[in-house]
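Listed below are the residues making up each chain.
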Amino acid sequence: MTRPLPALLFGLFSTAAQAQFGPISFAFESDVAYPGRVLAGDMDGDGDLDPLVYSSASNVNNYRLFWFENLGGGAFGPRQPVFTGNIINAVNVLVRDMDVDGDGDLIVDGNWYSNDGTGLVTLVGPYSPVGNAAHVLEDLDGDGDTDDIVRQANSINLLVNNGGGSFTVGAAIGPSGITTSLAVSRADLDGDAVPDLMIGGTNAQMGWYKNLGAGNYGTQQAVNPLAQPSTPLCGDVDADGDADLIAFGLPDGTVWFANDGNGNFALGDTIPAGMPEALADFDGDGDVEFSVTTGTTCNVVLMQSQNGTGWTNVGVETVSGYNLVGSSYGAGDLNGDGRTDLLTCSGMDIAGWYPNLGRRRGMLVPEQRRWHLRSPTRGGREPQYDQRFAPGGSGCGRAPGHRDEQERLRDHLEQQQRILLVAGYAPRPGRFAMRSGSGRGSGPRSRRHRPVV
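Residues numbered from 1 in each chain as written. Predicted model: local features only at pLDDT ≥ 70, side-chain atom pairs only at ≥ 80, totals over all residues. Heavy atoms only, no water.

Glancing now at the nonpolar core. Membership of the largest hydrophobic core comes to 23 residues, with the highest contact counts inside it found for Ile-246, Ile-271, Phe-290, Met-303 and Leu-342. For this core, the secondary structure elements donating two or more residues are strand E19 (244–250), strand E24 (300–305), strand E25 (311–317) and strand E26 (327–332). No other element matches the four residues that E24 contributes to this core. Membership of the second largest hydrophobic core comes to 17 residues, among which are Leu-52, Trp-67, Val-91 and Val-108. (Core = buried A, V, L, I, M, F, W, Y, C linked by side-chain atoms within 4.5 Å. Buried < 20%, exposed > 50% of the residue type's maximum accessible area, 1.4 Å probe, protein only. Helix = DSSP H or I, 4+ residues; strand = E, 2+ residues; numbered from the N terminus.)

So this is what it looks like as structure tokens:
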């Protein structure tokens, strides 16, 4: 029996699992109050991705960003502070190594915070000396550090990182002309295995630019005029092996344009979705999936492309409950198996992740019941289940489901116990028992696996 959905969830909905994610694994920490944002980055410079959760508690003075050390194998250490302060929903929050010291620094909108190597950050200030940066924050000139693109009054320029987090304005990209707004996506648009630039927004430089190497970009290449002006993202919609253009904010909503492999874009169709927090090929079938905003529910939903011929909303998990901010999504390979896992949280829910199990025999893995575990803490405390999600608890509830899944889940829990023992945590016997019951927080749920950004 599926748990009830609030009437505020509209649109297509399917309870069939269309992507291959396991049950939600280690909730990073059950006492991160009102988690409103999740992301991943290497906070300690050890080469793996650590999850981060932003908590918007009731008191603005307690708004905090936390990180959880990735211990390997899907296990995580206790929460550690990164940042205290209000991060409004509209701004970009990213983790990038701005000063080339090996650990991830924090970028909040146009400001960057230097990581001291332990995850604690100190405000440095705006990273762009002029104009408005596009927050691309990738290596755009091939020298191994993080660059960006900046909009000025009459030009769009490369923003070059000098190596220590100090940026200078570089060469102009495209013709001169008035620039009112700027949005940039980066992808291989002409099949040469080198990422090019797609420039959108309202400006004289709209179009795509071939990457010539060493920070040089070719002349302006026009895109379909129906795609202008828009906020572009690039991804393979029709599973033909090249990056298509997905244009957000057009009069008709979201529209995709098919790439012929050489950077020529033909009108595809409309997509019943707004700008996603996560866009990736999560199910390994060659085309992209979108994360879907779920309004006041705690549901986890992806929109799946049918090779560009249609779109289907797929429930990763249907969760009873009401929350004020909807589900937030992130993506990254958290367990080092080469697949993109899905991170999620909602304002009244616990933050956690869905391991991507991969495709099996051409079929997508059926949904499994979601369960929660506090992250291990040092000092002798053993991991415990979050009691808010036990039968009779409050919040958006989840619990293990049918008996035919219990053996598999028990094996999984025993594996996690072994991981904790290797990592130096020693839970007392019997603490890894599955919860059961028929109260709030129990019952089957619709499952689907999410994208990671």
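Read on for the rest.
Let's shift gears to the side chain of Asp-145. Inspection of the secondary structure assignment puts Asp-145 in the loop between strand E9 (132–133) and strand E10 (148–151). Arg-186 provides the closest opposite charge to the buried, salt-bridge-free Asp-145, at an N-O distance of 10 Å. If we ignore the near neighbours within four places in the chain, the residues touching Asp-145 are Val-100, Glu-138, Asp-139, Asn-161, Asn-162 and Gly-163. (Lys, Arg positive; Asp, Glu negative; His and termini not counted. Salt bridge = Lys/Arg side-chain N within 4 Å of Asp/Glu carboxyl O. Contact = heavy atoms within 4.5 Å.)

Here the focus is unusual backbone geometry. Note on backbone geometry: most residues besides glycine have negative phi, and most peptide bonds are trans. Omega for the peptide link from Gln-228 to Pro-229 comes to -15°, which places this bond in the cis form. Along the chain, Pro-229 turns up in the loop between strand E17 (216–217) and strand E18 (231–235). With phi around 50°, Leu-137 is a residue other than glycine that occupies positive phi space. Along the chain, the position of Leu-137 falls in the loop between E9 and E10. The phi angle at Ala-239 is positive, at roughly 55°, despite the residue not being glycine. The topology assignment puts Ala-239 in the loop between E18 and E19.

On to the pattern of salt bridges. Evaluation of the coordinates by the stated rule reveals four salt bridges. Here Asp-192 makes a salt bridge to Lys-210, at a shortest N to O gap of 2.7 Å. Placement of Asp-192 in the loop between strand E13 (183–187) and strand E14 (196–200) and of Lys-210 in the loop between strand E15 (207–209) and strand E16 (211–213) is noted, with a sequence separation of 18 residues between them. On the basis of relative accessible area, Asp-192 is assigned to the partly exposed category, the value being 31%. The exposure class assigned to Lys-210 is partly exposed, which follows from its relative accessible area of 31%. Linked through salt bridges whose partners overlap, the residues forming this network are Asp-190, Asp-192 and Lys-210.

That's the geometry; what it means functionally is another story.
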